[in-house]
Amino acid sequence: MMLAMDFAFLIEKLILIVVVVFASLGIAMYTTFAERKVAAILQDRRGPNRAGPFGLLQPLADGMKLFFKEEIIPNFSSKTLFILGPALAMLTACMTSAVIPWGNKVELFGRSIDLQIADVNIGILYVFGVVSLGVYGIMIGAWASNNKFSLMGGLRAASQIISYELAMGISMIALLMVTGTLSLKEMVVQQQHGYWNVVYQPLGFLIFLICAFAECNRTPFDLPEAENELIGGYHTEYSSMKLGFYLFSEYINMFISSVVMATLFFGGYDLPFFDESTLAPNIAAIIGVAALMAKVIAFIFLFMWVRWTIPRFRYDQLMHLGWRILIPLALFNMLATGGAILYFGK
Amino acid sequence: MQALTNKAKQVNRAPMSFMEKLYLPAIIKGMMITFSHIFKKKPTINYPEKKRPFSPVFRGLQILNRDEEGRENCTACGLCAVACPAEAITMEAAERQPGEEHLYKEEKYAAKYEINMLRCIFCGLCEEACPKDAIYLSETFTPADYQRKQFIYSKNDLLIPHPKENEEAYLKALGNRPQKQTL
């Protein structure tokens, strides 16, 4: 009996993993399309509109093109590491989604299924750990390319992630002091009953947002691939689907950090001013997933909107912002939060 | 220093105020500007589906004209070739045989008529030189091709479709060009 239960549990998680991974891949695919469309609209252009109705098949065409491109592994590169780089970038990008609560419980076949692959009690630490591993993909690929521009890009990626991870972590600590838990699921449940965390932590959210832009290598922090000074940055030597993996992992990262921001600060799958508990659990779960996706789409649009508005920082400006503004600000935020908690005795 | 014109503006080099150092107001202002572009009209025309109207004097690909009964107007006088500044036009004349009156309008005609489209500069001097309204510039662009030799357009490529046998294509090729009075 116990074994049968475990087997069903395994199947349930396996299906969930497959769904989540494929959904994040699909969303990342259409994010590339949305990026081109948003860029076009913000610049008074039309954007891709030839492949399929409204150009909706464009990401498929792009993917096909990358598969058919010639695959070049430079003679002077370290072959194993060269292949490991994009693989690692992709792997870590897909791994983060494991601890994210996508919605509330669903009742299916007499079983109550959690829409979360693993409700780890250190959820947010896991996200942090995996996201910081992501830079190894870039660094290894850059090092293995044996190319000065790639190496420069890799160095920049590494130093940028280290600088902004600190501020992000400290702003996170302030949030954790408010919530008192590391589990993402519990954070969402708390926000469902009270206010969203962004109300308690507006400064913390701002710091987190800026750092998330830096972690995802998005403009204005896209120095690792600054094309007009480093050619392509860390992916200069890459071609075919290996390049595709790098570009794709960037979009998955963007999706995941949008999800994390929505979960941490904007109530996750909580629909504001609405009590889900009165509804049937399945309908409530569907509404929850839709609410989360709406928040995520808003964040992804913000990522793109900023990209097509703000030019790239200079390298010293980037370091200045990270070390001399964001970290002190995050420390201040942490102290202020601590003081407020002591004073109000929350 | 005395300025040469009064167009020069004094650059404000005052240190940034606290609000300016925050950058965020400026960033939000910039983002509002980009956001407002979502609602602006897009100047792009979806080209193959929608075409920009040409001006009536647009000079595109040459067409060798026929009269209403489908007879070729060209008499191979060579004035167009002489007028052509790019020397793109060559032709060979021939005499009309009895029984060919339905093919050629006058006693002499062009047996061979070639325009090298790689040389042609679409100036329209051939059209101006022609006394018989036998050549004119249409609204078609020179289409792309794979080989250089295919850009030497022969008489078959240049002739307008027959107005009786293929009336639809003839009217389409004619476009909305006003018919010139022939001499």
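This is a predicted model, so every value here is computed, not measured. (Residues numbered from 1 in each chain as written. Chains lettered and ligands numbered in written order. Predicted model: local features only at pLDDT ≥ 70, side-chain atom pairs only at ≥ 80, totals over all residues. Heavy atoms only, no water.)

Between chain A and chain B, the contact holds 15 residues from the first and 16 residues from the second. For the pair chain A and chain B, the summed buried area comes to about 1500 Å², and 64% of that belongs to carbon and sulfur atoms. By the criterion of area lost to chain B, the three top residues of chain A are Asp44, Arg46 and Trp305 of chain A, representing 40% of everything that side buries. If you look at where chain A meets chain B, you find one salt bridge. Of the charged contacts in the structure, one is a salt bridge between Arg50 of chain A and Glu49 of chain B, with a shortest N-O distance of 2.9 Å. Counting the contacts that link chain A with chain B gives seven residue pairs in polar contact (both at pLDDT 80 or more). Among the secondary structure elements, those contributing two or more residues to the side of chain A that touches chain B are α1 (2–42) and α11 (281–307) of chain A. Sort the elements by how many residues they give to the side of chain A that touches chain B and α11 of chain A lands first, with four residues. (Contact = heavy atoms within 4.5 Å. Buried area = accessible area lost by both parts, 1.4 Å probe. Salt bridge = Lys/Arg side-chain N within 4 Å of Asp/Glu carboxyl O. Polar contact = N/O pair within 3.5 Å; in protein donor to acceptor, adjacent residues only side chain to side chain. Helix = DSSP H or I, 4+ residues; strand = E, 2+ residues; numbered from the N terminus.)

Residues and elements named next belong to chain A. On the surface, a cluster of nonpolar side chains totalling about 560 Å² of accessible area is made up of Leu81, Leu84, Trp143, Leu151, Met152 and Leu155. With three residues, helix α5 (residues 148–179) is the largest single contributor of residues to the nonpolar patch. Within the fold, Leu81 resides in helix α3 (residues 79–95). (Patch = residues over 30% accessible without salt bridge, like charges linked within 9 Å, V, L, I, M, F, W, Y side chains within 5 Å. Areas by Shrake-Rupley, 256 points an atom, 1.4 Å probe, with all protein chains shown as cover.)

Within the largest apolar cluster, 71 residues are counted, with the highest numbers of intra-cluster contacts made by Ile124, Tyr164, Phe208 and Leu264 of chain A. Not counting residues up to four positions away in its chain, the partners in contact with Phe208 of chain A are Phe128, Met168, Ser171, Met172, Val260, Met261, Leu264 and Phe265 of chain A. (Core = buried A, V, L, I, M, F, W, Y, C linked by side-chain atoms within 4.5 Å. Buried < 20%, exposed > 50% of the residue type's maximum accessible area, 1.4 Å probe, protein only.)

A few words now on the side chain of Arg218 of chain A. Residues and elements named next belong to chain A. Along the chain, the position of Arg218 falls in the loop between α8 (202–215) and α9 (227–230). Here Arg218 falls in the buried class, since its relative accessible area comes to 1%. Not counting residues up to four positions away in its chain, the partners in contact with Arg218 are Glu35, Phe213, Glu250, Tyr251, Met254, Phe303, Met304 and Arg307.

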